[in-house]
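# What the coordinates show
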Amino acid sequence: MRQQLTTCPPDPATAVESTTLRPRRKRTRHPRLAVGDRVRFAEGTLAGTGVVDAVTSDYSVIWVWTDDGQGRRMFLQGYGSIVSSV
């Protein structure tokens, strides 16, 4: 005896019930900083001050030259980094 396979999608009403909603992650948005601005930053256990070296056009990535000799750091928006002007 052969089984009959269907290509119909499952009932949308039952499909919605079976999926679980994930909580939305809070995103930290970087302020609109300009090159040369003095900033304070924090990411994980790293914190300090510095000068903005470069910013992408949508402000999602900020590069900062740190004051304490930690070099040039890149901060990505929404990945736990906080950058604020001094």
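That block above? That's the structure.
What counts as what
Residues numbered from 1 in each chain as written. Predicted model: local features only at pLDDT ≥ 70, side-chain atom pairs only at ≥ 80, totals over all residues. Heavy atoms only, no water. Helix = DSSP H or I, 4+ residues; strand = E, 2+ residues; numbered from the N terminus. Contact = heavy atoms within 4.5 Å. Areas by Shrake-Rupley, 256 points an atom, 1.4 Å probe, with all protein chains shown as cover. Buried < 20%, exposed > 50% of the residue type's maximum accessible area, 1.4 Å probe, protein only. Pairing = 2+ DSSP bridges. Axes fitted to C-alpha atoms, helices over the stretch in contact; angles between N-to-C directions.

On to the overall build of the chain. Per the secondary structure count, the chain includes 1 helix and 5 strands. Each helix (α) and strand (β) of the chain, taken in turn from the N terminus, gives the series α-β-β-β-β-β. Counting only contacts in the chain whose residues sit at least 6 apart along the sequence, the fraction spanning at least 24 positions is 42%. Summed over its atoms, the accessible surface of the chain is roughly 7,100 Å², and 53% of this surface lies on carbon and sulfur atoms.

Along the chain, the position of Y79 falls in the loop between β4 (72-76) and β5 (81-85). Here Y79 falls in the exposed class, since its relative accessible area comes to 55%. Here the alpha-carbon distance between Y79 and G44, two residues 35 residues apart in the chain, equals 9.9 Å.

Strands sit in the order β4-β3-β2-β1-β5 across an open sheet of 5 strands; the sheet is antiparallel. Every interior strand has two partners, whereas the edge strands, β4 and β5, have only one. Within this sheet the neighbouring strands show an average axis-to-axis angle of 40°, counted without direction.

Any functional reading would require information that these geometric values do not contain.
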